[in-house]
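# Topology and contacts: notes
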Amino acid sequence: RKHWAFQPVAEQPVPKVSDPKWPVTKADHFVLRKLDERKFNPAPVADRRTLIRRVYFDLIGLPPTFEQVEAFAAGTKPDAYEKLVGDLLASPRFGEKWGRHWL
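To start, this report covers the structure provided alongside it. Because the structure is a prediction, the values reported are computed rather than measured.

### Examining the environment of Ser-91
You can see Ser-91 is positioned in the loop between α4 (80-90) and α5 (92-102). In this structure the C-alpha to C-alpha distance between Ser-91 and Thr-50, which are 41 residues apart in sequence, comes to 20 Å.

Shown next, in the form of structure tokens:
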């Protein structure tokens, strides 16, 4: 019963990092802390075309169409990335990609 999986979820304090301007979310602080420990620098922020390709391949294993890339790259909505991730997670393609690992 001492295994971590049986412990209640508890809020963890955000660690101090070398560049407090870099993290965007709380999770970024933990990522940057590990990078700092290994003396690595974070990769530069990806442009929108690269970002959409990465999320498509990561979540559904397929590339976006040219039209999807152009629409995302031209978009200005601040929540566009979150909406894109939500749409891909809701897609049947997400289940098809990950189902083969689970089966």
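Moving on from the coordinates now.
### Remarks on the nonpolar core
Across soluble globular proteins, you tend to see nonpolar side chains buried next to one another. Grouped together as the largest cluster of nonpolar side chains are 10 residues: Ile-52, Val-55, Tyr-56, Leu-59, Ile-60, Val-69, Phe-72, Ala-80, Leu-84 and Leu-88. When residues of this core are traced back to their parent elements, those giving at least two are α2 (48-60), α3 (66-74) and α4. If one sorts the elements of this core by residue count, α2 sits on top with 5 residues. Leaving out residues up to four positions away in the same chain, Leu-59 has contacts with Val-85, Leu-88, Leu-89, Phe-94, Lys-97 and Trp-98.

### Some details on the packing of aromatic side chains
Following the criterion strictly, the structure yields 0 aromatic pairs and no others. The lysine or arginine in question, Arg-48, covers the ring of Phe-72, its NZ or CZ lying 4.3 Å from the ring centre.

### Quick notes on the environment of Val-17
Along the polypeptide, Val-17 turns up in the segment before α1 (26-37). Counting along the chain gives 15 residues from Val-17 to Leu-32, while the straight-line C-alpha distance between them is 6.5 Å. Dropping the residues within four chain positions of it, Val-17 is found in contact with Pro-23, His-29, Leu-32, Arg-33 and Asp-36.

### Notes on α1
Taking 1.5 Å per residue, 12 residues should reach 16 Å; α1 reaches 18 Å between its end C-alpha atoms and fits that length. Of all the positions in α1, only Asp-28, His-29, Leu-32 and Leu-35 are classed as buried. The buried residues of α1 occupy one face: seen down the axis, they fall within an arc of 125°. The positive-phi residue at the C-terminal boundary of α1 is Lys-39, with phi of around 60°.

### Examining the packing of α2 against α3
As a packed pair, α2 and α3 sit with axes 8 Å apart at the nearest point and diverge in direction by 130°. Considering the angle they form, α2 stands oblique to α3. Crossing handedness for the pair α2 and α3: right-handed. Contacts from Arg-48, Arg-49, Leu-51, Ile-52 and Tyr-56 in α2 reach Gln-68, Val-69, Glu-70, Phe-72 and Ala-73 in α3.

### So, the pattern of salt bridges
Applying the stated criterion to the full structure yields 6 salt bridges. One salt bridge in this structure joins Glu-11 and Lys-26, with 2.7 Å as the shortest N-O distance. Linking Glu-11 in the segment before α1 with Lys-26 in helix α1, this pair joins segments that are 15 residues apart in sequence. There is no split in this pair, since Glu-11 and Lys-26 are both exposed. Ionic contacts of the salt-bridge type, sharing partners, join the residues Arg-33, Lys-34 and Glu-37 into one network.

Calculation criteria
- Residues numbered from 1 in each chain as written.
- Predicted model: local features only at pLDDT ≥ 70, side-chain atom pairs only at ≥ 80, totals over all residues.
- Heavy atoms only, no water.
- Helix = DSSP H or I, 4+ residues; strand = E, 2+ residues; numbered from the N terminus.
- Core = buried A, V, L, I, M, F, W, Y, C linked by side-chain atoms within 4.5 Å.
- Buried < 20%, exposed > 50% of the residue type's maximum accessible area, 1.4 Å probe, protein only.
- Contact = heavy atoms within 4.5 Å.
- Phe/Tyr/Trp six-rings, centres within 6.5 Å; stacked < 30°, edge-to-face > 60°.
- Lys NZ or Arg CZ within 6 Å of the ring centre and 35° of its normal.
- Expected span 1.5 Å × (residues − 1).
- Arc of directions from axis to C-beta.
- Axes fitted to C-alpha atoms, helices over the stretch in contact; angles between N-to-C directions.
- Parallel < 35°, antiparallel > 145°, perpendicular 65-115°, else oblique.
- Left-handed = near helix turned anticlockwise from the far one by under 90°.
- Salt bridge = Lys/Arg side-chain N within 4 Å of Asp/Glu carboxyl O.

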